[in-house]
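Chain residues, written in single-letter form:
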Amino acid sequence: SKIKVLFCPSDRAGVGHFRSIWPAQHLKRNHSDEFEIHIDASPNVENINELAKYDIIHFHRMLGPYETSEKVFKALKERGVTLILDIDDYWMPPSTHHLYPIIVSEKMDKKIENNIRLADMITCTTDIFANEIRKINPNVSIIPNALNMDEQMWSSTAAPDPHGRVRVSWIGGSSHLHDLKKVSDSMAMLSNDNTLKGKFQFIMCGF
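None of these values were measured; they are calculated from a predicted model.

Basis of the calculations
- Residues numbered from 1 in each chain as written.
- Predicted model: local features only at pLDDT ≥ 70, side-chain atom pairs only at ≥ 80, totals over all residues.
- Heavy atoms only, no water.
- Helix = DSSP H or I, 4+ residues; strand = E, 2+ residues; numbered from the N terminus.
- Rg over C-alpha atoms; globule rule 2.2 N^0.38 Å.
- Buried < 20%, exposed > 50% of the residue type's maximum accessible area, 1.4 Å probe, protein only.
- Contact = heavy atoms within 4.5 Å.
- Areas by Shrake-Rupley, 256 points an atom, 1.4 Å probe, with all protein chains shown as cover.
- Core = buried A, V, L, I, M, F, W, Y, C linked by side-chain atoms within 4.5 Å.
- Salt bridge = Lys/Arg side-chain N within 4 Å of Asp/Glu carboxyl O.
- Pairing = 2+ DSSP bridges.
- Axes fitted to C-alpha atoms, helices over the stretch in contact; angles between N-to-C directions.
- 1 Å grid on protein atoms, 1.4 Å probe; cavity = no way out; pocket = protein on both sides within 12 Å on 5 of 7 lines; lining within 4 Å.
- Points joined across faces, edges and corners; volume = space filled by probe spheres on them.
- Nonpolar A, V, L, I, M, F, W, Y, C, P; charged D, E, K, R; others polar.
- Right-handed = clockwise from strand over helix to strand, strands pointing away.
- Disulfide = S-S within 2.5 Å.
- Patch = residues over 30% accessible without salt bridge, like charges linked within 9 Å, V, L, I, M, F, W, Y side chains within 5 Å.

## What to know about the overall build of the chain
Okay, so step 1: Along the chain, the regular secondary structure elements total 8 helices and 8 strands.
Okay, so step 2: Expected size for 207 residues packed as a compact globule is a radius of gyration near 17 Å; at 21 Å, the chain overshoots this value by more than 25%.
Okay, so step 3: Seen along its three principal axes, the alpha-carbon backbone of the chain occupies a region of about 70 × 45 × 25 Å.
Okay, so step 4: Classification of the 207 residues of the chain by burial places 30% in the buried group.
Okay, so step 5: Contacts in the chain between residues far apart in sequence, at least 24 positions, make up 64% of those at least 6 positions apart.
Okay, so step 6: Accessible surface, the chain as shown: approximately 13,200 Å² in total, 55% of it carbon and sulfur.

Printed below as a string of structure tokens:
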């Protein structure tokens, strides 16, 4: 009588880890009496009979190639499977994004929009983003990005700065370079404030 749920993470390190694997592990750990949880990063979408064993399939942006979405989604829905698409970021990035030319040439934004339209339900990150998604699919729920600080990866033996400085840290990928530039004026103001000299430290990490 348990609800069978298949989580299909887009990867096992970044978005897939935080928005698919962790939620799946949470359900399995705390609600195993209600849910039977499975995780598969590479589901065989050609095997509809196997996928149809699940009551719910939760995936990030795509379930198999975009080109087969119409066929696969239709077949699974006919078998009673509820399809939940998760998306963490807007499908058309700004022109400053390094993948922008590829997304435009491959019409990736239109393919993602179509998957949003075909899915039974969407999970996303914020209220603002949810309002954009509702223009395509009104059935949206918000799962904010969050960190489980009890996970081992967040354990730290770091001690307070011996000089009493406040550490300001930033981490991000190369696609966020232009976002970082937006705070450059504020950083310059801090650096030029003589009353704050020696009281803070910027730590920049990225790819």
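## A short note on the nonpolar core
If you look at soluble globular proteins, the nonpolar side chains tend to sit buried side by side.
Okay, so step 1: Core analysis: the largest hydrophobic core is formed by 30 residues, its most contacted members being Ile57, Leu63, Leu76, Ile87, Ile116 and Ile133.
Okay, so step 2: Counting residues per element, the ones that place at least two in this core are β1 (3-8), α2 (48-51), β3 (56-60), α3 (69-78), β4 (82-86), α5 (108-118), β5 (121-124) and α6 (127-133).
Okay, so step 3: Excluding residues within four positions of it along the chain, Ile87 makes contact with His60, Arg61, Ile112, Ile116, Ile122, Thr123, Cys124, Thr125, Phe129 and Ile133.

## Side note on the pattern of salt bridges
Okay, so step 1: For the coordinates displayed, the defined rule picks out 9 salt bridges.
Okay, so step 2: A single network of salt bridges, built from pairs that share partners, joins Asp161, Arg165 and Arg167.

## A word on the sheet that holds β3
Strand pairing in a sheet takes place through backbone hydrogen bonds and is either antiparallel or parallel in direction.
Okay, so step 1: The sheet built from 6 strands is open, its strands ordered β2-β1-β3-β4-β5-β6 with parallel pairing. Pairing within the sheet leaves two strands with one partner each, and these edge strands are β2 (35-39) and β6 (140-142). This sheet shows a mean twist of 20° between the axes of neighbouring strands, independent of strand direction.
Okay, so step 2: The pairing of β4 with β5 spans 3 bridges and is parallel. Pairing of Ile84 across the sheet is with Met121, part of β5.

## Some points on the layout of surface pockets
Okay, so step 1: Approximately 1,400 Å³ is the volume attributed to the largest pocket.
Okay, so step 2: Around the largest pocket, the lining comprises 37 residues; the ones closest to its centre are Val15, Asp88, Asp89, Ser175 and His176.
Okay, so step 3: Sorting the residues of the lining of the largest pocket by element identifies α1 (15-30), α4 (100-105), α5, β7 (166-172) and α7 (177-181) as the ones contributing at least two each.
Okay, so step 4: In the lining of the largest pocket, the residues fall into 19 nonpolar, 11 polar and 7 charged.

## Digging into the pairing of β2
Okay, so step 1: Taken together, the 5 bridges between β1 and β2 define a ladder with parallel strand orientation. Its bridge partner lying in β2, Val5 is registered against Ile37.
Okay, so step 2: A crossover links β1 with its parallel partner β2, the connecting element being α1, and its sense is right-handed.

## Points about the pairing of β4
Okay, so step 1: Among the 5 residues that make up β4, 4 are buried, leaving the element largely enclosed by the rest of the structure.
Okay, so step 2: Both β3 and β4 contribute to a ladder of 5 bridges, which runs parallel. Looking across to β4, one finds that Phe59 is bridged to Leu85.
Okay, so step 3: The handedness of the β3 to β4 crossover, carried by α3, is right-handed.

## Some remarks on the state of the cysteines
Okay, so step 1: Tallied over the full model, the rule gives 0 disulfides.
Okay, so step 2: Here Cys8 stays unpaired: no disulfide links it, and the sulfur of Cys124, its closest cysteine neighbor, is 19 Å away.
Okay, so step 3: Take Cys8: its relative accessible area is 5%, and that puts it in the buried class.

## With respect to the side chain of Arg61
Okay, so step 1: Checked against the element boundaries, Arg61 lands in the loop between β3 and α3.
Okay, so step 2: Using a relative accessible area of 19% as the deciding quantity, one classes Arg61 as buried.
Okay, so step 3: Each residue touching Arg61, except ones within four places of it in the same chain, is listed here: Tyr66, Leu85, Asp86, Ile87, Asp88, Asp89, Tyr90, Ile112 and Asn115.

## Examining a nonpolar patch on the surface
Okay, so step 1: Together, Leu147, Met149, Met153 and Trp154 give the surface a local cluster of nonpolar side chains, amounting to about 410 Å² of exposed area.
Okay, so step 2: By the element assignment, Met149 lies in the loop between β6 and β7.
Okay, so step 3: Among the residues examined, Met149 registers a relative accessible area of 52% and is labelled exposed.

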